[in-house]
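Structural overview
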Amino acid sequence: MTPEDVRRFLSSYLESKLRSRGLDTQALPDNCDLLLEGLIDSFDLLQLMTALSQHYGHPIDFEGLAPDDMTVVGPLCRYISAQLRGPFISPA
Amino acid sequence: MATSTRAASSTRPLWSGFAQSAAEYPERIALRVQGESVSYRELEELSSRIAATIQVRTAGAGSPLTAVLAQRSKTAFAGVLGSLLAGHGYVPLHPQFPVERTQIMLEQPECRSLIVDSGALDIAAKLLENVPYSLVVILPDESDVADYRSRWPRHEFVDRLNLEAEAAWRETSAGTDALAYLLFTSGSTGLPKGVMVAQRNVSAFIEYMTERYDVTEHDRFSQMFDMTFDLSAFDMFMAWEKGACLCCPTRKETIQPATFVRNEELSIWFSVPSTAMFMKQWNALKPNQYPSLRLSLFCGEPLPVASARAWQEAAPNSIVENLYGPTELTIACTLYRWSSDSSPAESELGIVPIGYPCPEMNVLVVDEHLNEVAAGAEGELLMNGPQMSLGYWKNSAKTAAAFVVPPGKNEVFYRTGDRVRKPIEKGPLIHLGRIDFQIKILGHRVELGEIEALVRDHCGLDGVVAVGWPACPTGYAAVEVFIEGQPCADQNALTNALANRLPDYMVPKRFHFLPELPKNVNGKFDRKALSALLEKGL
């Protein structure tokens, strides 16, 4: 599962919100902060994490993700991709 | 500012607690927001100047209400205080709500003055374009409003350099029913309805709660709620009543509550239970993680036993309480103190009891004919007392339907629509759910009928049923909609149409078109059957 795959899932998951804000549904930029852009709040984030775990059939441990990166598209996709490759792989 | 002495009576103006604290502790920090510490003196000065500006510029025109379009900013809090000092109630507007909804909330109460912070200028521009009458627009974060004046000549603009002087403020004599705020909640017929909460309602509550919790000037309160959520009034007026500090998280801190509690050294926490669930899932409720907390309060939705237990372990020095209250009964009207030893046995279905009424608040548990049920039986919760609000703004039909005189009584009670178990002897009230189609999403009241009405309006189809889905321990995570008929050509257009009218949490996640919706034996749409379809993975 590559970071690009995760990005595609994110785009699909957020499609209606992206569309309603007139944003490109196919290209979520690396530096887009989903929280600061108003695309998600803390509870949406939890739902998103649950949806990711269910979609990939793999629990995701977010404790290793730096809090400031938690809602930024690039670091988030890379972290999830690394998590999905195995429980002991460092996302660095 | 000429300050009233701290009166023991709830007939005093709501701002008087802040004024007294500002007189006693002018250099103490009243507010932490956007990384800035604002002293009582500073906040008093800005609030008084805003109040004087409202008084001078509106001169009694329009309703005694001022709208505050601002969020998590010094201007937002000064706007609330300024409105009250001007003798007005405040109408909180959310910068992230759709413009159409916000315009209803501004125009329906006939607000003539609007306070806007720098973060809400974009939505303010859209509002100003549409509002048909003249507004006094106060922009305390701006220093030049020439552009605004040329774009919207029918409105009057005041920047921070032209706010009236503090000395121009005049204390007004507020009537006994002077409003504290007008707060809009979801309405079942497609339009939000405004709940009129009087200053005396809030004062009665604040006076009792500050004593109950022994609040002092050394306390530090969290401010987790947006101002469109009435629980935000608790944080503000509890803190300012006693000279304490109100700490407002940044947007980033809302997803890092653990960091927020530690960095701000909070002593009093207040949030919806979903936040505790969120923190538990993020592994942010470790034993003894929050030793600074001495009081942890939850309100707005059911509190799961597992969340209360985990929170108590994470905040071992804290009292944990579950509060309950619809907006119409002012912030919270019943209280339950969690005990790790005795509470699990008093809880039902894994949910903590809502407890016992606040002083002078009266409880009835009634059947469908509004007759009292026997102890131990289920029924609808009715309450009245000093916290009962004045009803709905210019909506006598809805007020008459919700504020009723039950058979054999000679007093008005508010029908909460909540299903509870009537206590046996001195036991606590147990919340069991709703008697209607209102659901809670993250503590927000959602009338499914409001969503259905908008979908019907857009699709031109009558068979529309909205259901909460998926269920979670505190209510529902979102809404899905079933529509009887052929799929409409452009479902994105439908989503966009709803997103233009509803806050994000009310916009349906999915639409399901079925040739025929299932009905029950009474010929009504069968909501349980529809939820079962979702359960099966429709």
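Everything below is about the structure printed above this text.
Quick look at the structure, then. Since the model is a prediction, treat every value here as computed from it, not as a measurement. (Residues numbered from 1 in each chain as written. Chains lettered and ligands numbered in written order. Predicted model: local features only at pLDDT ≥ 70, side-chain atom pairs only at ≥ 80, totals over all residues.)

1. A closer look at the overall build of chain B
Cut-off, in case you're wondering: By definition, any uninterrupted DSSP run of H or I lasting at least four residues is a helix, any uninterrupted run of E lasting at least two residues is a strand, and each is numbered from the N terminus. C-alpha atoms define the radius of gyration in this analysis, and the globule rule sets the expected value at 2.2 Å times the number of residues to the power 0.38. Labels follow a simple rule on C-beta atoms placed from the backbone: if 20 or more others lie within 10 Å of a residue's own, it is buried; if 12 or fewer, it is exposed; otherwise it is partly exposed. Distance between backbone-placed C-beta atoms decides contact: two residues are in contact if it is within 7 Å.
Secondary structure assignment for chain B yields 17 helices and 28 strands. Taken over the C-alpha trace, chain B has a radius of gyration of 23 Å; the compact-globule value for 538 residues is 24 Å, and the two agree within 12%. For chain B, the C-alpha atoms occupy an extent of roughly 70 × 55 × 50 Å along the three principal directions. Here chain B, with 538 residues, has 53% of them falling under the buried criterion. Taking as baseline every contact in chain B between residues at least 6 positions apart, the subset at least 24 positions apart corresponds to 66%.

2. Looking at the nonpolar core
One recurring pattern in soluble globular proteins: nonpolar side chains tend to sit buried together. All names here are of chain B. Rules: Put simply, a nonpolar core is buried Ala, Val, Leu, Ile, Met, Phe, Trp, Tyr and Cys residues tied into one set by C-beta atoms within 7 Å.
One finds Val68, Leu69 and Val91 to be the most contacted residues of the largest nonpolar core, which totals 190 residues. When residues in this core are grouped by element, the largest group, eight residues, is from helix H8 (residues 231-241). Non-local contacts of Val91, meaning those with residues more than four positions away in its chain, are made with Leu65, Thr66, Ala67, Val68, Met105, Pro109, Cys111, Tyr181 and Leu182.

3. Examining H8 of chain B
Residue and element names in this part refer to chain B. With eleven of its eleven residues buried, H8 lies for the most part within the structure. Those residues of H8 lying buried are Leu231, Ser232, Ala233, Phe234, Asp235, Met236, Phe237, Met238, Ala239, Trp240 and Glu241. Just past H8, the residue Gly243 takes up positive phi, approximately 80°.

4. Brief notes about the interface of chain B and chain A
Which entries qualify depends on this criterion: The residue classification treats Ala, Val, Leu, Ile, Met, Phe, Trp, Tyr, Cys and Pro as nonpolar and Asp, Glu, Lys and Arg as charged. All others, Gly included, are polar.
Contacts between the two partners involve 18 residues from chain B and, on the opposite side, 18 residues from chain A. Every element with two or more residues in the side of chain B that touches chain A is listed here: helix H9 (251-254), helix H11 (273-281) and helix H16 (491-499) of chain B. Ranked by residues supplied to the side of chain B that touches chain A, first place goes to H16 of chain B with four residues. Broken down by class, the residue content of the side of chain B that touches chain A amounts to six nonpolar, ten polar and two charged.

5. Let's talk about the packing of helix H1 (residues 16-24) of chain B against H8 of chain B
Residues and elements named next belong to chain B. Note the following rule: Where helices are involved, their axes are fitted lines through C-alpha atoms of the stretch in contact, as for all axes, and angles between N-to-C directions lie from 0 to 180°. Roughly parallel refers to an angle under 35 degrees, roughly antiparallel to one over 145, roughly perpendicular to one between 65 and 115, and oblique to any angle outside these ranges. What makes a crossing left-handed is the near helix being turned counterclockwise from the far one by less than a right angle; a clockwise turn instead makes it right-handed.
Interaxial distance between H1 and H8 falls to 7 Å at its minimum, and their mutual angle equals 40°. Judged by the inter-axis angle, H1 sits oblique to H8. Considering how the two elements wind past one another, H1 and H8 form a crossing that is left-handed. Of the residues in H8, those touching H1 at Gly17, Phe18 and Ser21 are Phe237, Trp240 and Glu241. Residues of the contact of H1 with H8, tallied by class, amount to three nonpolar, two polar and one charged.

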